[in-house]
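If you want the building blocks of each chain, they are given just below.
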Amino acid sequence: MKNYIYIAMLCLVHGLAFHVQAQDVAYLTNNAEPWGRNGNIIALNNVFGSGNWSKFIYNTADPAQLFSSDYKFVFIEGGNSSTSTMVNFIQNNRTRIENWVAQGNVLFINSATNQLYNSYNVGFGVNFFRSLSGQGNPVNPAHPIFNGSFSPSYTSPYSGNYFAHDIILGSGLTPILIGDNQSSRVILAEKSWGNGKVMFGGLTLPWFQEYWSPQPYVRNLHNNILEYLYNSANVVIDETAPVLSGVPNSTNVECDNVPNIPTVTANDDVDGNLPVTFSETRVNGSCAFNYTLIRTWSATDAAGNEASASQTITVYDDKSPVIDNLPVQLTSFVDAGSCGAIVSFPTITATDNCGNPSFEYSPLSGSFFNVGQTTVTVITTDDCGNSRTENFLVVVEDNIAPETVCQDLTVSLDAAGNASITPAQIDNGSSDACGIAELALDRLSFGCADVGSNPVVLTVTDNNDNSATCSATVTVEDKIVPQTVCQDITVSLDAAGNASITPAQIDNGSSDACGIAELALDRLSFGCADVGNNTVVLTVTDNNDNSATCSATVTVEDKIVPQTVCQDITVSLDAAGNASITPAQIDNGSSDACGIAELALDRLSFGCADVGSNPVVLTVTDNNDNSASCSATVTVEDKIVPQTVCQDLTVSLDASGNASITPAQIDNGSSDACGIAELALDRLSFGCADVGSNPVVL
């Protein structure tokens, strides 16, 4: 269905009411109005009313919103220094703008440049060129802009400084105003474009509301231009796409059943039957016969509405090949010198719905097959990986006995007197192409009674139960030395300082599986020099002349005390009142078989207090720390006289003519190591007759 939009003009003006009832008007300009004049804004408010139109700025405007069904009339202003910005915007969005007008919308491009001095293109096959005009002259006085609801508006000429800056150049233009009354100087013109219209102006419109003359003619002309353009918008919108018929549904098909391309038609409610464009895209899948066909039919009407429909055909191959001639079993015999046979298979074939299947064999034909049953797996696979697996048997038989090779063997008895052998020890490389399953001997164990040569028979059996024998000699040896067990012992020296031992005393249960022949010691006797630990070696020899040793410690002890002999002695104190003695003075021939280590006295020194008889004890210790004692008497004598020291003394007779003295007054430090017992004078008193010197004896 088509949507027809008719724009009606409000014919009556009352007071300050606006002339056109609309909100689908847009004004596109720079941030600042040209020359700083708001004439365009005043005119828009006069015609549509404040708030009933939208303002867009070049550097923020969204072209998709501006040139959409939201707006039927767009006024683009590029005057003064905003021309370059306007031209860039138009060129960047040229196709969108031209298509929008072609749908029945109206565009007004006005540019009175003070920026570009050469020709510049504004789309629609139209160029502007800067050329100043002081006057504007109507070409057709009957044109609606001179007879609009804003009146009076028609006059000739219109004047300004300058009235226009640019002239309009291009084909298909209908001139409305010319500059300076020259027909070649078109300063306002219109052009049909599709179902819409474009008006091109080189006018200095921002000055029209107040400054150019005559007024109010110029002002009303400005208003009538906008009113006329809006009323010219008679948009017929064809938004209905054609209808496609005969498009099949999407489907999934086997690779051998892809459908042919059907005939699809297109019909449009305006344009009738339309040509249909077909395309087919193949999207390869995982294999040659797994893929997707996307078949697309499309048709476009005159309004650019497009109908498109697709069919997706998913092509697949999920059928496995079928094997035609599979054998059940193939039987063969071993090849010479091997445990199997090379077996080749007959030719096997298979069929598949798409393509030629391949074959895989495991094992491959012509492979070597071991004796027994082998399952051969046959896999046939088509191009898409669909496969079928089948099996058959290959049987290979073996009836050849092993080749036996024996070798003689020497074995030694173990500590328990036993020896065992394995078949592998007698085998010397027996072989069979199919491998040896078992080696067996008629005898596996031996003992002391078997020392020497012993015959044995080896039986070799292969993996397929074929067997053969050979003979060998097993020589049994006793190489195991006896198990020696020694023990430490302690012996004491006798009074003569001697001790002896036997091997049996050191042996603590030595043994040999085949019996003990002899026990022997490296040393049997000991003396005083051996007191302490002594290492001895016991040698044990078995019945097969194998020997071993062990060591033990013989601890020799000396438990015999010395024989002591003492004697009495007499000693004199010295001048200091001391006397000392030695053990040797008391010893009178003490003795020990292992020697005397030490003589010791319980007392070695004497003093004044010991004058007389004193008992002492002599202890005799031998070299092995055995000791004994005896007693003796030490008589101490003091034969040293005291040391006398005298001093002279003067005394005075008393009134009676008498004087007396004491020994202490005469003694001047007499001494004796053993002490002073008494001081005595030969004279103690004096009289008148003794006046003078008198000798005395202390």
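Predicted model, so just to flag it, every value in this text is computed and none were measured.

A. Focus on the overall build of the protein chain. Counting its secondary structure elements, the protein chain contains 9 helices and 47 strands. Looking at the protein chain residue by residue over its 698 residues, the buried ones come to 42%. Within the protein chain, contacts between residues at least 6 apart in sequence are counted, and of these 63% link residues at least 24 apart. When the 22 basic and 73 acidic side-chain charges of the protein chain are each reduced to a single mean position, those positions are 35 Å apart.

B. How the structure looks around helix α3 (residues 83–92). Along α3, the residues classified as buried are Thr 83, Met 86, Val 87, Phe 89 and Ile 90. Down the axis of α3, the sector holding all buried residues measures 165°, keeping them to one side.

C. Geometry of the sheet that holds strand β18 (residues 290–300). Pairing is mixed in the open sheet, where 4 strands are placed in the order β14-β19-β18-β17. With partners counted over all chains shown, the strands left at the sheet margins are β14 (251–254) and β17 (277–287), one partner each. Going from strand to strand, the sheet's axes swing by 20° on average, the running direction of each strand aside. Two strands pair when backbone bridges link them, and β17 and β18 are joined in this way by 9 bridges, in the antiparallel orientation. When the bridges of β18 are listed, Glu 280 appears paired with Arg 295.

D. Up close: the sheet that holds strand β34 (residues 489–492). Judged by pairing direction, the sheet is mixed, and its 4 strands sit side by side in the order β34-β39-β38-β36 without closing on themselves. Lying at the two open borders of the sheet, with one neighbouring strand each, are β34 and β36 (516–521). Across the sheet, the axes of successive neighbouring strands diverge by a mean angle of 30°, strand direction being ignored.

E. A look at the nonpolar core. Residues Phe 73, Phe 108 and Leu 203 are the most contacted members of the largest nonpolar core, which totals 37 residues. It is helix α5 (residues 217–231) that contributes the most residues to this core, 7 residues altogether. Excluding residues that lie within four positions of it along the chain, Phe 73 makes contacts with Asp 24, Val 25, Ala 26, Phe 48, Trp 100, Val 106, Phe 108, Leu 226, Leu 229 and Tyr 230. Ranked by size, the runner-up nonpolar core spans 31 residues in total, among them Val 74, Ile 97, Ile 109 and Ile 168.

F. Layout of the environment of Gly 51. Structurally, Gly 51 can be placed in the loop between α1 (39–48) and β3 (54–57). The exposure class assigned to Gly 51 is exposed, which follows from its relative accessible area of 59%. For the pair Gly 51 and Gly 179, spaced 128 residues apart in sequence, the C-alpha to C-alpha distance is 34 Å.

G. Seen up close, the confidence of the model for the protein chain. Residues at a pLDDT of 70 or more form 96% of the protein chain, whose mean pLDDT is 91. Within the model, pLDDT remains below 50 along residues 1–17, and this stretch shows 31 contacts once partners closer than five positions in the same chain are excluded.

H. View of helix α4 (residues 94–102). Among all positions in α4, only Ile 97, Glu 98, Trp 100 and Val 101 are buried. Projected down its long axis, α4 shows its buried positions confined to an angular sector of 160°, all on one face. Those residues of α4 that are buried are in contact with β4 (73–77), α3, β5 (106–110), β10 (186–193) and β11 (196–201). A positive backbone phi angle near 115° is found at Gly 104, which sits one or two residues after α4.

I. Fine view of the state of the cysteines. Under the defined criterion, the tally for this structure stands at 9 disulfides. Bridging Cys 486 to Cys 550, the disulfide has an S-S length of 1.8 Å. Handedness here is read from the sign of the S-S torsion; for Cys 486 and Cys 550, about 75°, the answer is right-handed. Here Cys 550 lies in strand β39 (residues 547–557) and Cys 486 lies in the loop between β33 (467–477) and β34, a separation of 64 residues in the sequence. Overall, Cys 550 belongs to the buried group, its relative accessible area being 12%.

J. Quick look at unusual backbone geometry. Backbone torsion omega between Ser 156 and Pro 157 reads 0°, so that peptide bond is classified as cis. Tracing the backbone through its elements, the reader meets Pro 157 in the loop between β7 (126–138) and β8 (158–170). Residue Pro 216 is reached from Gln 215 by a cis peptide bond, and omega for that bond is 10°. With respect to the helices and strands, Pro 216 occurs in the loop between β11 and α5. The backbone phi angle of Asn 181 is positive, close to 60°, even though this residue is not glycine. Residue placement: Asn 181 occurs in the loop between β9 (174–179) and β10. Here Asn 181 falls in the exposed class, since its relative accessible area comes to 56%. Even without being glycine, Asp 465 reaches a positive phi, approximately 70°. On the secondary structure map, Asp 465 appears in the loop between β32 (452–462) and β33. Residue Asp 465 is classed as exposed on the basis of its relative accessible area, which comes to 64%.

K. Quick look at the packing of aromatic side chains. Enumeration according to the criterion identifies 22 aromatic pairs in this entry. Residues Phe 124 and Trp 193 carry aromatic rings whose centres are separated by 5.1 Å and whose planes lie at 85° to one another, so their mutual orientation is edge-to-face. With Phe 124 in the loop between β6 (120–121) and β7 and Trp 193 in strand β10, this residue pair connects regions lying 69 residues apart in the sequence. Residue Trp 193 is classed as partly exposed on the basis of its relative accessible area, which comes to 25%. When the ring of Phe 345 is compared with that of Tyr 361, the centres are 5.8 Å apart and the planes differ by 50°; the resulting orientation is tilted. With Phe 345 in the loop between β22 (340–343) and β23 (350–351) and Tyr 361 in strand β24 (residues 358–362), this residue pair connects regions lying 16 residues apart in the sequence. Overall, Phe 345 belongs to the buried group, its relative accessible area being 12%. One aromatic cluster in this structure is built from Phe 345, Phe 359, Tyr 361, Phe 369 and Phe 392. One residue, Arg 282, lies across the ring of Tyr 291, its end atom 3.6 Å from the ring centre.

L. Region of interest: the side chain of Asp 301. Considering the arrangement of structural elements, one finds Asp 301 in the loop between β18 and β19 (306–316). Here Asp 301 falls in the buried class, since its relative accessible area comes to 4%. Polar side-chain contacts of Asp 301 include one of 2.7 Å to the backbone nitrogen of Asn 305.

M. Here's a closer look at the side chain of Asn 386. Assignment of secondary structure puts Asn 386 in the loop between β26 (372–381) and β27 (387–397). The class of Asn 386 is buried, set by a relative accessible area of 14%. If near-sequence neighbours (up to four positions away) are discounted, Asn 386 is found in contact with Asp 317, Asp 318, Lys 319, Ser 320, Pro 321, Thr 380 and Thr 381.

N. View of the pattern of salt bridges. What the rule picks out here adds up to 11 salt bridges. The partner of Asp 530 in a salt bridge is Arg 523, with the nearest N and O atoms 2.5 Å apart. A relative accessible area of 13% places Asp 530 in the buried class. Where Arg 683 meets Asp 690, a salt bridge forms, and the shortest distance between an N and an O atom there is 2.2 Å.

O. Main features of the packing of α1 against α5. Remark: α1 packs on α5, axes separated minimally by 9 Å, with the N-to-C direction vectors making an angle of 55°. When the interaxial angle is binned, α1 and α5 end up oblique. The handedness of the crossing between α1 and α5 is right-handed. The residues of α5 that touch α1, namely those facing Gly 39, Asn 40, Ala 43, Leu 44, Asn 46, Val 47 and Phe 48, are His 222, Asn 223, Leu 226, Glu 227 and Tyr 230. When its residues are assigned to classes, the contact of α1 with α5 shows 6 nonpolar, 5 polar and 1 charged.

Scoring rules and cut-offs
Residues numbered from 1 in each chain as written. Predicted model: local features only at pLDDT ≥ 70, side-chain atom pairs only at ≥ 80, totals over all residues. Heavy atoms only, no water. Helix = DSSP H or I, 4+ residues; strand = E, 2+ residues; numbered from the N terminus. Buried < 20%, exposed > 50% of the residue type's maximum accessible area, 1.4 Å probe, protein only. Contact = heavy atoms within 4.5 Å. Lys, Arg positive; Asp, Glu negative; His and termini not counted. Charge placed at Lys NZ, Arg CZ, Asp CG, Glu CD. Arc of directions from axis to C-beta. Pairing = 2+ DSSP bridges. Axes fitted to C-alpha atoms, helices over the stretch in contact; angles between N-to-C directions. Core = buried A, V, L, I, M, F, W, Y, C linked by side-chain atoms within 4.5 Å. pLDDT = per-residue confidence, 0-100. Disulfide = S-S within 2.5 Å. Phe/Tyr/Trp six-rings, centres within 6.5 Å; stacked < 30°, edge-to-face > 60°. Lys NZ or Arg CZ within 6 Å of the ring centre and 35° of its normal. Polar contact = N/O pair within 3.5 Å; in protein donor to acceptor, adjacent residues only side chain to side chain. Salt bridge = Lys/Arg side-chain N within 4 Å of Asp/Glu carboxyl O. Parallel < 35°, antiparallel > 145°, perpendicular 65-115°, else oblique. Left-handed = near helix turned anticlockwise from the far one by under 90°. Nonpolar A, V, L, I, M, F, W, Y, C, P; charged D, E, K, R; others polar.

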